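Structural overview for review
The lines below spell out each chain.
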Amino acid sequence: MLKIVACIKQVPATTNVRIDPETNALIRDGVESQVNPFDENAIEAALQVKEALGGDAYVVALSMGPPQAETILRDAVALGCDDAILLTDAKFRGSDTLATSYTLARAIRKIGDVDLILCGKQAIDGDTAQVGPGIAEHLGIPQITFAIELSVDGKQVTARRMLEDSFEIVECRVPALVTVVKQINEPRRASMKNVLKARHHEIRKWSAADVEAEDDRIGFEGSPTVVWQIFTPPKREGGRVLEGTVEEMVSELAGEILEIRKSLASS
Amino acid sequence: MDFEFNEDQQAVLDAVRELCDEELRPKAEETDASGEFPWENIQKLAELDLCGIPVPEEYGGLGMDFLTWAAVGMELSRACTTTGAVFGAHMLAQYPIMLFGTEEQKRKYLVPLSTGEKIGAFGLTEPNAGSDAGNVRTSAVRVGDEYVLNGTKIFITNAGEAETYIVIGNMQPDRGARGMTAFIFEKGFEGFTIGKNEKKMAFPSLPNRELIFQDARTPAENVLGGEKRGFRVAMQTLDVGRIGMGIGAVGVAQAAYEHALAYSKQRVQFGQTISSFQAIQFKLADMATEIECARLLCHQAAWLKDHGKPFELQAAMAKLYASEVAMRVTNQAVQVLGGYGYTKEFPVERLMREAKLFEIVEGTSEIQRLVIANHILK
């Protein structure tokens, strides 16, 4: 039986994320939350792998976050995940992507014998796309990012990666970690029978001690990332269309390029 | 007294709202204009276990209550009136089987209706048996181990698309209600055909067709509730059907009110949004209040039903009041939108045409008042 872990994150239910100007951290109070949309694709991918194997798989949804994150795990169970675990501990507060991926990797080790780990390509709040790859590094297993297609055949994982200008087909053996893009599937809706059943499912809660995480590798202490400033990048100005004969345009363009080179050299 | 949904009910409602917001409402105009039965939406309801909310789990349902069914129906109707109407009419086929069906009938017919594998319809109305429901003329005769029916039903919702039909025939047409008998027919039974679709004032995608019986045969075991018990089957079915019409009307009213509210906050006249004028504010206040009353009446009728208490009076009140509220609210919504409200650019004129349906079907307002008067004067 294939053991799959789908890593999911609770994020603010708004694309208009507000930042605390003092701490440069996301403001989470008073904002409704939801599961990170790409993680819904990760859950769906896990369930589809299970279905493709005729049900011969066990899917665990895993999240790290405050106790309220239990909601998204319950939803994951309603969608068809067999089990759900929430990593929750005051000690996890302030974790950056390094500490988070370390903590999740510890939990995956504790779950044991995990063949496939699925993550969304990134979270819509932090947008780093670092946690999935980080988990794979902590576990020392292969990773395939930005998968738009995924299949598992025995011990072999095959994924089609969606890159900016091309596709890449990559194979590796389990255990492996795959991050998925939105286009990989259309997440299903939970049936009401499953929604009602999931309400009584026990969401297991693990602390730092439960996953034997080292104190200096989690939370603020385990997070070397310092956010100095967060700002909205200036809007790109429109390009300039050169006019005139070819000779005129080429000479104007060449002049511009030389100007830019000069200013770069002097700065 | 508890006016809160419990956690199970709330979980179902949250999921239904999400479905409505993301899938039903965005294409409600398209669904209406298509003239096609909303199979795609019904398929989604089936996938989400919403086709048999109050039906016990052993018969393919969700095993919840009529209050949840009512609350879900309001949400569906609010998002897509056509889908809401199909949902309501479907129950008219399920409920009499729940109530009067034999174990075998429940297994054979209720299960596929509750899982949404099949859609149901209920046929009582005839050209001369509308408000005078006891005057059913479709004859039914037992021949060997079959019943043979002859006659025509009209205005039957879901007809043609439905696979399972509850049909009220009459074994002694000269004795009126006392000969009426309910039967289960399947689409395609010998002698049973579907007639023309009515062109209506609204709801072009909701089929209302004739059922034609020409020596139409159904097996003897498909008699529902016993011979000559059909009037009782029909009346008890309509008690729940009235709640169903009430919730449909609340959904229509709610949709119109929300359009009017949103428009009033955007439309600027005399240099300010029209929502700042008391003339508009009072309309909105009346709409909101009346909708709330109508909703609570529907909830109360469903709650009484769920608690095994008499609910016929409240069901009639809910149907009467909600349908008249829908008419008033949609009328006022068109008024708030003014000239734009009268155009087909905005949905309120459609909602106003749709609202009229609810004052007529499954017992006109006048019949509801009779039912209510009979209760309070007896």
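The structure reproduced in this document is the subject of the present report. The residue numbering used here restarts from 1 in each chain and proceeds along that chain's sequence as written. Naming scheme: in the order in which they are written, chains are lettered from A and ligands are numbered from 1. Reporting of local features is limited, given that this is a predicted model, to residues whose pLDDT is at least 70; pairs of side-chain atoms are given and counted only at 80 or more, and all residues count toward the totals for whole chains, interfaces and linings. Computation of side-chain values covers all heavy atoms of the structure but excludes hydrogens and water.

Turning our eyes to something else, we now look at the overall build of chain A. Each helix and strand counted, chain A has six helices and eleven strands in total. For the C-alpha atoms alone, the extent of chain A along its principal axes is close to 75 × 45 × 35 Å. Using a 1.4 Å probe on the protein chains alone, a residue whose accessible area is under 20% of its type maximum counts as buried, one over 50% counts as exposed, and one in between counts as partly exposed. Looking at chain A as a whole, 41% of its 267 residues qualify as buried. Contacts spanning at least 24 positions in sequence make up 71% of the contacts within chain A whose residues lie at least 6 apart. Per-residue and other accessible areas follow the Shrake-Rupley method at a 1.4 Å probe size, with only the shown protein chains counted as cover for residues. Taken as a whole, chain A presents about 15300 Å² of accessible surface, with 51% of it coming from carbon and sulfur. Two residue types count as positive, namely Lys and Arg, and two as negative, namely Asp and Glu; His and chain ends fall outside the count. Lysine's charge is taken at NZ, arginine's at CZ, aspartate's at CG and glutamate's at CD. Each charge class in chain A was averaged separately, 30 positive and 41 negative side chains, and the resulting centres sit 5 Å apart. Strands are runs of DSSP state E lasting at least 2 residues, helices are runs of H or I lasting at least 4, and numbering of each runs from the N terminus. Two residues form a contact once any of their heavy atoms are found within 4.5 Å.

All names here are of chain A. A large share of strand S5 (residues 83-87) lies buried, amounting to five of its five residues. Residues Asp83, Ile85 and Leu87 point to one face of S5 and Ala84 and Leu86 to the other, with burial holding for every one of them. Pairs of strands are assigned from DSSP output, requiring at least two bridges between the strands. Bridge count between strand S4 (residues 57-64) and S5: five bridges; the pairing is parallel. Each bridged residue has a counterpart across the sheet, and for Ser63 the counterpart in S5 is Leu86. Handedness of the S4-helix H2 (residues 70-79)-S5 crossover: right-handed. Judged from the three bridges that link them, S5 and strand S11 (residues 204-206) form a sheet pairing that is parallel. Paired with Ile85 across the strands is Arg204, a residue of S11. Throughout, right-handed denotes a crossover for which the path from the first strand over the helix to the second runs clockwise when the strands point away from the viewer.

Residue and element names in this part refer to chain A. That bond from Val174 to Pro175 is cis: its omega, 0°, falls within 30 degrees of zero. Inspection of the secondary structure puts Pro175 in the loop between strand S9 (167-173) and strand S10 (176-180). For Phe146, which is not a glycine, the phi torsion comes out positive at approximately 55°. Assignment of secondary structure puts Phe146 in strand S7 (residues 143-153).

So, about the environment of Gln332 of chain B. Residue and element names in this part refer to chain B. Within the secondary structure, Gln332 is located in helix H9 (residues 312-341). In this structure Gln332 comes out as partly exposed when scored by relative accessible area, which is 27%. For the pair Gln332 and Tyr257, spaced 75 residues apart in the sequence, the C-alpha separation amounts to 8.5 Å. Gln332 has contacts with Lys283 and Met287, leaving out every residue within four places of it along the chain.

Residue and element names in this part refer to chain B. Axis lines are fitted to C-alpha atoms, over the contacting stretch for helices. Their N-to-C directions set the angle, which ranges from 0 to 180 degrees. Viewed as axis vectors pointing N to C, helix H4 (residues 66-79) and helix H7 (residues 230-264) meet at an angle of 40°, and their least axial separation amounts to 7 Å. You can see that H4 and H7 cross each other, and the crossing is right-handed. On H7, the residues that touch Phe66, Trp69, Ala70, Gly73, Met74, Ser77 and Arg78 of H4 are Val240, Ile243, Gly244, Ile247, Gly248, Val250, Gly251, Val252, Gln254, Ala255 and Glu258. The classification used treats Ala, Val, Leu, Ile, Met, Phe, Trp, Tyr, Cys and Pro as nonpolar, Asp, Glu, Lys and Arg as charged, and all other residues, Gly among them, as polar. Per-class residue counts for the contact of H4 with H7 are ten nonpolar, six polar and two charged. Should the near helix be turned anticlockwise from the far one by less than a right angle, the crossing is left-handed, and should it be turned clockwise, the crossing is right-handed.

All names here are of chain A. Judged by pairing direction, the sheet is mixed, and its nine strands sit side by side in the order S9-S8-S7-S10-S6-S1-S4-S5-S11 without closing on themselves. Only two strands of the sheet have a single partner each, and these edge strands are S9 and S11. Here the strands of the sheet are splayed against their neighbours by 30° on average, with no regard to which way each runs. Where H2 meets the sheet, its contacts fall on S4, S5 and S11, and the angle it forms with S5 comes to roughly 165°.

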